[in-house]
Amino acid sequence: MIRINLLAIESHRTGGRGRTRRRVFAACGAVVLLTGSVAGTRVCTVRRESDRLASAMASAEREVERLAPVLEGLQDREAERSRLAERVAWLDARRRRQDEPVRLLDEIGRSLPDGAWLTELRQEAATVVLRGRAASLTSVSDFVAELERAASFASPVEVVDSQVDDLGSVGDPIRFELHAAFRGPPGLAGAR
């Protein structure tokens, strides 16, 4: 009789499968360990980065708190600078408006002949009213002619009144009133 040991073949066959299974389990375990270590490393890196960002954020907040008064001071200075710039612009406009009256008085002074003097000078809107006295009618007519040539006045200059002041002496002065249209900037009409 021939005996065949079937168990030995069977055990030989199952022993090969067991090794393969162990290798597969070992490989799966290695993959799990490798994945776990990579994930752990990544988690540690993310935590360190998070801690670094949190400390940087806290530092930035402290810096913002430290600079808040400086920023408020800067805003106050900027508002003051803006207010001063507006004031300078207003003063400059005012100065430009005042140049015209100075020019007006200068031209009237240059136009006034010898033997004539003013007793009143006023501006009513765009008209300048000149009252005064002169030694002769020639002085009055010379004054009118010079005013008409001046750049600040439009022609004609109107002689409203000219009379001899009767004081009872020879060479009594002549009283006159002239109206001249002023050619200045429109903003000057309100400045007196």
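Residues numbered from 1 in each chain as written. Predicted model: local features only at pLDDT ≥ 70, side-chain atom pairs only at ≥ 80, totals over all residues. Heavy atoms only, no water.

Counting residues in hydrophobic clusters, the biggest one holds 17 residues, and the most contacted among them are I108, V128, L130, F143, L147, F153 and L178. Setting aside its immediate chain neighbours within four residues, F153 contacts L104, I108, V128, L147, E148, A180, A181, F182 and R183. (Core = buried A, V, L, I, M, F, W, Y, C linked by side-chain atoms within 4.5 Å. Buried < 20%, exposed > 50% of the residue type's maximum accessible area, 1.4 Å probe, protein only. Contact = heavy atoms within 4.5 Å.)

Turning next to helix α2 (residues 137-149). Along its 13 residues, α2 runs 19 Å from first to last C-alpha, staying within 8% of the 18 Å computed at 1.5 Å per residue. Burial in α2 covers these residues: S139, V140, F143, V144 and L147. Projected down its long axis, α2 shows its buried positions confined to an angular sector of 140°, all on one face. (Helix = DSSP H or I, 4+ residues; strand = E, 2+ residues; numbered from the N terminus. Expected span 1.5 Å × (residues − 1). Arc of directions from axis to C-beta.)

For the rest of this paragraph, the subject is the confidence of the model for the protein. The predicted structure's coordinates, where accompanied by low pLDDT, should not be read in detail. Residues of the protein with pLDDT of at least 70 account for 84%, and the chain-wide mean is 83. Every residue in residues 185-192 scores below 50 in pLDDT, and together they form 13 contacts with partners more than four places removed in sequence or on other chains. (pLDDT = per-residue confidence, 0-100.)

The subject of this paragraph is the pairing of strand β2 (residues 127-134). Strand direction decides the pairing type here: strand β1 (residues 116-124) and β2, joined by eight bridges, are antiparallel. When the sheet's bridge partners are listed, E120 is paired in β2 with R131. Hairpin connection, β1 to β2: the antiparallel pair is bridged by two residues, and A125 has positive phi, about 55°. The sheet contact formed by β2 and strand β4 (residues 174-182) spans eight bridges and is antiparallel. Residue pairing across strands places A134 opposite I174, the latter belonging to β4. (Pairing = 2+ DSSP bridges.)

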